[in-house]
Amino acid sequence: MYDDLSKLEELNPETHAAILLHGLGFGPKMMAKATKDMSGGWRMRVALAKALFVRPTLLLLDEPTNHLDLEACVWLENYLADYDKCLVVVSHSQDFLNTVCTNIIEFNHKAELVYWSGNYDQYLKTKQEHEVNQLKKYEKEQDDIKHIKSFIASCGTFSNLVRQAKSKQKILDKMYEAGYVSHSKTGYLDNL
């Protein structure tokens, strides 16, 4: 808290606001203009400058680069890359996410939040590796299920193999419960 106060004391509020506005593309004439006389895009820049000026502990930004030109985008990326508080940002700009983000939160198809460390490029790489590993695991599980079913089917009514077949059926039932098998259960041992 003392660090924050000392940083704010270094700059008076007018200087701090001018630095933020200049970074977001405001010249001296635009800074002197009333907000009500500005277009919607410039008003969005003013709103962004206000949010940055306050330096909240948690800053939420939704598409902050939408109304910015390239110079203002680069300035904002550099400013937020050094932001020492918690920042949650939604953006479609991969370059922006790569520069600013250190963690990615994904809302997946199961309506769950999945956390990934690193910037956007690292997220894509790690997610792809995860999906490849999941596919390999799924294929192995499906192969195991196929072999278990084949073994159970080959046991027939041989009394010495029925116990083994029932044991394998229990394994298969657990796989059904865990969701490894997508189709309905086919009690192979019902006829034994």
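Everything that follows concerns the structure shown earlier in this document.
If you're wondering where the values come from, they're calculated on a predicted model, not measured in any experiment. (Residues numbered from 1 in each chain as written. Predicted model: local features only at pLDDT ≥ 70, side-chain atom pairs only at ≥ 80, totals over all residues. Heavy atoms only, no water.)

Asks: Can you tell me about helix α4 (residues 40-54), naming the residues and giving the values?
Replies: Here α4 spans 21 Å end to end across 15 residues, near enough to the 21 Å set by a 1.5 Å rise per residue. The complete set of buried residues in α4 reads R45, V46, L48, A49 and L52. Seen from one end, α4 has its buried residues packed into an arc of 160 degrees, which puts them on one side. Opposite the buried face of α4, at more than 90 degrees from it, the exposed residues are K50 and V54. Just past α4, the residue R55 takes up positive phi, approximately 50 degrees. (Helix = DSSP H or I, 4+ residues; strand = E, 2+ residues; numbered from the N terminus. Expected span 1.5 Å × (residues − 1). Buried < 20%, exposed > 50% of the residue type's maximum accessible area, 1.4 Å probe, protein only. Arc of directions from axis to C-beta.)

Asks: Let's hear about the pairing of strand β2 (residues 86-90): which residues, and what values?
Replies: Relative to β2, strand β1 (residues 58-62) runs parallel, the two sharing five bridges. Each residue of the ladder has a partner; that of L61, found in β2, is V89. With respect to chirality, the unit in which β1 leads through helix α5 (residues 70-81) into the neighbouring parallel β2 is right-handed. (Pairing = 2+ DSSP bridges. Right-handed = clockwise from strand over helix to strand, strands pointing away.)

Asks: Any details on unusual backbone geometry? Residues and values, ideally.
Replies: Phi angles above zero are rare outside glycine, and R55 is one such case at about 50 degrees. Following the sequence through the fold, R55 ends up in the loop between α4 and β1. In this structure, A111 is a non-glycine residue whose phi angle is positive, near 60 degrees. Along the chain, A111 falls in the loop between β3 (103-107) and β4 (113-117).

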